[in-house]
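Architecture at a glance
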Amino acid sequence: MELFTQLFGHLLAFVYHCFDRIVIHGYLTRLSRPEHVVYFLHEVIGAPVITKEILSERTNRYQNWVEAFARNRRIPIEWAEKGIRKEDFVRRWQRRMVRNNAYGVYFIFKSLEVGPTFRITVPKYPTKDPNYRIVANQRSRFTHYYFYIHDEVLGPFVMCMGSFFPFKATYYLNGHSFIEHQLSHAEISFRKDDNAFLAVGDVAALHAAADKLSPKIIRDRLDYWTFVLGPKFSAKERKQVKLSRTYAISQVEYCFNFVFKRNFPIHKLFERSCELGLWRLTAHRIAEVFGTRLQRNHRGKLSTVIDQIEHGHHVFRAYFRNAVLRQYEKFSMFLRNELCSNNLYDFGLKKGLDHLDEVRQRFKTIISQFAGFQAQWLNVHTDFPLLQRMALPVTVGSVRHPGIKIHDTRIIRLLEVLLHAGTHVGGWTAREIHEAVLSTFHLSADAYGLNQLRYDLRKLKGHGLLERDGTRYAYLLTPKGVQVALLFLFFHKRLCGPLANSRFHHRPNPQHRPDSRLEAAYHRADKAIEKVVDLLAAA
């Protein structure tokens, strides 16, 4: 992370990191199991027989209360239609609440969704107790209520409440909304678009607001709104059964945001990051970024892809088990690294809300490691004195190693294989490298023999580009080797390739000059390329 800031600090306006989306499940711990329901209905309510009608009566009572609550406060309540994004539909009501500086519920959606319930059945065989019923967990489809709330601390968030036992609740929070609310109360100027801060009057206050989001603040506000909008229980019922909520993190997103001063460098930077990420972010490197060891019995995803969300908008994704590390650009001046997890057990973390600070520290470390690797890959410049030094022979002890030429096809192929396919944590043996080179470039063993490979490996090792894993004959690129490999490959793919294509496949005809700005620009580019070739020849 520090290296990334050092490289591009002069291009950055500011950097901030925070929680983005947080999804929390709330459970009534004393009503979540069948034995709890049996005790509640028998001992607290006093029902002699547990029937479906008793549970349905609780559901009907809560649904009638929600309808009356919306009617008395003139809150819109509608069924969610298929294909309509809820957040976009309710945006005008949310803006009205913010504009009027009002707090409370501003919209309610009803939706038929699958959720946890209880099944009550009569035993197949008669028992000593004629009132005995079997109560078991099941999942069924019933009405859920989405309460859209503008809170005075958390800002806008959503609470989804099931209308059937055990009345499971789900809360959708956003860290950017919390920060926005904190900055507004502190009267600090800022500019926010969608889900990103593009300008702020006090960067330190922005960081302080991001770090202020704590489990205590979240629990206090969730307890308040659950008590106000959740199912109602009498004082007697609350006295005999502890009906407090237990909160567990279901999904969490943490992001590092780089805001640039101008839009020119960010797209090129993102393109190079994606290209280098597909090259260098191999299986063992992904495991290293996520802070774990890669094992044979690895379960879940382990890959890197580039998705096109819409035309011209790409997202780089690195998958690890149930987590994904994303990188994308927004507004032509905003670059975001975002880590999303649907199962905190993948990182050895607990799901309880009290462990939110541990999640923050662990996710910050992972994203910092990813940014550090990117900075290392991007810190490659065309250093021709380096090429000149690499072309000279070196002597190590009593052994003289020949120089490495940038036009050596065998070395280029070998570096590309070592750079692309380093999937072994302990390095590759010579035979494994040999098989990879032959299969990658469709060569025969006669065209490139194992002894030739060993000769090339000794040459790379003599120049400090390759190292052995202890006493094993397994090889791995050194940090210097990674930089030189990237330099060589970029030189061939970005300079030699375009030059050769322009020189031999299509050159503009000087006699044919139509009145076209594009054609004129192509003529100027051809002259510039020819001048570069002449300078290289003279050097």
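Note that the coordinates shown come from a computational prediction; the quantities given were computed from them, not determined experimentally.

**A short note on the overall build of the protein**
Scanning the protein for helices and strands turns up 18 helices and 18 strands. Here the protein, with 539 residues, has 46% of them falling under the buried criterion. Partitioning the contacts of the protein with sequence separation of at least 6, the portion at a separation of at least 24 is 66%. Carbon and sulfur atoms make up 51% of the accessible area of the protein, which amounts to about 28600 Å² in all.

**Observations regarding the nonpolar core**
Core analysis: the biggest nonpolar cluster contains 86 residues, and Phe147 and Phe290 have the highest contact counts within it. When residues of this core are assigned to their parent elements, the largest contribution, eight residues, is made by helix H12 (residues 356–378). Here Phe147 is in contact with Tyr62, Val66, Val105, Phe107, Ile108, Phe157, Val158, Met159, Met161 and Leu229, once residues within four sequence places are set aside. Val417, Ala430, Tyr448 and Phe490 belong to the second-largest nonpolar core, a separate cluster that totals 33 residues.

**Things to note about the pairing of strand S1 (residues 12–28)**
Burial of S1 is extensive: 14 of the 17 residues sit out of reach of the surface. Note that S1 and strand S9 (residues 245–260) share 14 bridges and pair antiparallel. What sits directly across from Ile22, in S9, is Val252. Two elements, S1 and strand S6 (residues 169–174), share six bridges in a ladder whose sense is antiparallel.

**Some remarks on the environment of Ile411**
Inspection of the secondary structure assignment puts Ile411 in helix H14 (residues 409–420). A residue is classified by how much of its surface remains accessible, and Ile411, at 0% relative accessible area, is buried. Spatially, the C-alpha atoms of Ile411 and Phe488 are 9.5 Å apart, while their sequence positions differ by 77 residues. The residues touching Ile411, leaving out its near neighbours within four places in the chain, are Ile404, Asp456, Lys459 and Leu460.

**Notes on the pattern of salt bridges**
By the definition in use, this model includes 16 salt bridges. With a closest N to O distance of 3.5 Å, Glu180 and Lys192 form a salt bridge. Here Glu180 is found in helix H6 (residues 175–185), whereas its partner Lys192 is found in strand S7 (residues 190–193), with 12 residues between them in sequence. With a relative accessible area of 27%, Glu180 lands in the partly exposed category. Salt-bridge contacts for Asp456 lead to Arg410; the nearest nitrogen and oxygen are separated by 3.0 Å. Of this pair, Asp456 sits in helix H16 (residues 450–462) while Arg410 sits in helix H14, placing them 46 residues apart in sequence. With a relative accessible area of 0%, Asp456 lands in the buried category. Shared partners join several salt bridges into a network, and the residues in it are Asp20, Glu253, Arg326, Arg336 and Glu338.

**Considerations on the packing of H6 against helix H7 (residues 203–212)**
Close contact between H6 and H7 brings their axes to 9 Å; oriented N to C, the two are set at 125°. Between H6 and H7, the crossing angle belongs to the class labelled oblique. In this structure, H6 crosses over H7, and the sense of that crossing is right-handed. Residue-level inspection shows Phe178, Ile179, Gln182 and Leu183 of H6 in contact with H7, the latter providing Ala205, Leu206, Ala209, Ala210 and Lys212.

**Here's the deal with the environment of Ile54**
In this structure, Ile54 sits in helix H3 (residues 52–72). Sequence-wise, Ile54 and Leu41 are 13 residues apart; in three dimensions their C-alpha atoms are separated by 8.5 Å.

**Looking at the packing of aromatic side chains**
Enumeration over the complete set of coordinates arrives at 28 aromatic pairs. Between Tyr16 and Phe197, the ring centres sit 5.8 Å apart and the planes meet at 80°, which makes this aromatic pair edge-to-face. Here Tyr16 is found in strand S1, whereas its partner Phe197 is found in strand S8 (residues 196–200), with 181 residues between them in sequence. On the basis of relative accessible area, Phe197 is assigned to the buried category, the value being 0%. Residues Tyr224 and Trp225 carry aromatic rings whose centres are separated by 5.0 Å and whose planes lie at 80° to one another, so their mutual orientation is edge-to-face. Overall, the relative accessible area of 8% leaves Trp225 in the buried class.

**Quick word on the environment of Leu489**
Secondary-structure assignment places Leu489 in helix H17 (residues 479–504). Sequence spacing of Leu489 and Ile406 is 83 residues, and the spatial spacing of their C-alpha atoms is 9.2 Å.

**Observations concerning the state of the cysteines**
Applying the stated rule across the entire model yields zero disulfides. Among the cysteines around Cys255, which has no disulfide bond, Cys18 carries the closest sulfur, lying 4.0 Å off. Judged by relative accessible area, which is 0%, Cys255 ranks as buried.

How each quantity is defined
Residues numbered from 1 in each chain as written. Predicted model: local features only at pLDDT ≥ 70, side-chain atom pairs only at ≥ 80, totals over all residues. Heavy atoms only, no water. Helix = DSSP H or I, 4+ residues; strand = E, 2+ residues; numbered from the N terminus. Buried < 20%, exposed > 50% of the residue type's maximum accessible area, 1.4 Å probe, protein only. Contact = heavy atoms within 4.5 Å. Areas by Shrake-Rupley, 256 points an atom, 1.4 Å probe, with all protein chains shown as cover. Core = buried A, V, L, I, M, F, W, Y, C linked by side-chain atoms within 4.5 Å. Pairing = 2+ DSSP bridges. Salt bridge = Lys/Arg side-chain N within 4 Å of Asp/Glu carboxyl O. Axes fitted to C-alpha atoms, helices over the stretch in contact; angles between N-to-C directions. Parallel < 35°, antiparallel > 145°, perpendicular 65-115°, else oblique. Left-handed = near helix turned anticlockwise from the far one by under 90°. Phe/Tyr/Trp six-rings, centres within 6.5 Å; stacked < 30°, edge-to-face > 60°. Disulfide = S-S within 2.5 Å.

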